[in-house]
Amino acid sequence: MLTDEQVESMKAQLIKQVEASFPEDKKDFAVSQIEAMDAEQLEDFLIKNNLIRKDGITSVSGQQCVFCSIVFGDIKSYKIAENSKAIAVLEINPLSKGHAMIIPKEHTTNEKAMPKEVAKFSKKISSLIKSRLKPKEIKIASSNVMGHQIFNIVPVYEGRENLAERKPASPEELVELQEILAKKAPVKKPREKKITVKEIVKKFEENLWLPKRIP
Ligand SMILES: [Zn+2]
């Protein structure tokens, strides 16, 4: 079922479409029909017109949402991490080396409706990039394409603070970065605690002092 925000956004997109493409004498009627639809009717209408599919939303222009396509694996991506609410992929036209996108799995149209886990996940990926690629700083910026709200995580490097230009990254570069970033952190072996003689004696004394356990 569509959320209230999705209903609002889809209706607004449909009305825009009607305004732009319907004959003058049919516009008002079409707009009033759209406005009168409840969430269920709107969903039916969108499914019948192939504007929506069960696992993701297509925009009213008929194009599949690019981020939903990435989430559902219809578009090849360079994934670096994933949790239940979002995935992190490398931007193929990055502003800087390691520019990543956090894509909520649900087609969420604004930042307020975004699950908290997504923001948390963004911070986690941001510190991952910081520790592996050693940029001077990381910029996090949200953006919205075809109604799908995402976070951009953009590393800023010393001497290359100007982020005005996007450059396509080569598949080789992306695979290399994916390997660096998707690699699991080495598991730290817990250090064996050294016990001093004093402690052993203390333990021994404590045990002696304990009353005998009755079975
Ligand atoms: Zn989407």
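Below is a summary of the structure that appears in this document. Since the structure is predicted, the reported quantities are computational estimates derived from the model, not experimental observations.

**Notes on helix H6 (residues 171-182)**
Thought 1: A rise of 1.5 Å per residue sets the reference length of H6, with its 12 residues, at 16 Å; its end C-alpha atoms lie 16 Å apart and thus fit the reference within 8%.
Thought 2: Along H6, the residues classified as buried are Leu174, Leu177 and Leu181. Along H6, the residues classed as buried sweep out an arc of 65° about the axis, all on the same side. Residues of H6 that are exposed and point over 90 degrees away from its buried face: Glu172, Glu176 and Glu179.
Thought 3: In this structure, the buried residues of H6 make contact with strand E3 (79-82), strand E4 (86-90) and helix H5 (116-133).

**Overview of the coordination of the zinc ion**
Thought 1: Taken together, Cys65 (SG), Cys68 (SG), His107 (ND1) and His148 (ND1) make up the protein donors of the zinc ion, found 2.0 to 2.3 Å from the metal.
Thought 2: Seen from the zinc ion, its 4 donor atoms lie at angles of 102 to 118°, and the figure they make is tetrahedral.
Thought 3: Taken in sequence order, the residues that donate to the zinc ion follow the motif C-x2-C-x38-H-x40-H.

Criteria and thresholds
Residues numbered from 1 in each chain as written. Predicted model: local features only at pLDDT ≥ 70, side-chain atom pairs only at ≥ 80, totals over all residues. Heavy atoms only, no water. Helix = DSSP H or I, 4+ residues; strand = E, 2+ residues; numbered from the N terminus. Expected span 1.5 Å × (residues − 1). Buried < 20%, exposed > 50% of the residue type's maximum accessible area, 1.4 Å probe, protein only. Arc of directions from axis to C-beta. Contact = heavy atoms within 4.5 Å. Donors = N, O, S within 2.8 Å, 3.2 Å for Na, K, Ca; no water. Tetrahedral: all angles 85-135°; square planar, octahedral: opposite > 155°, others 65-115°.

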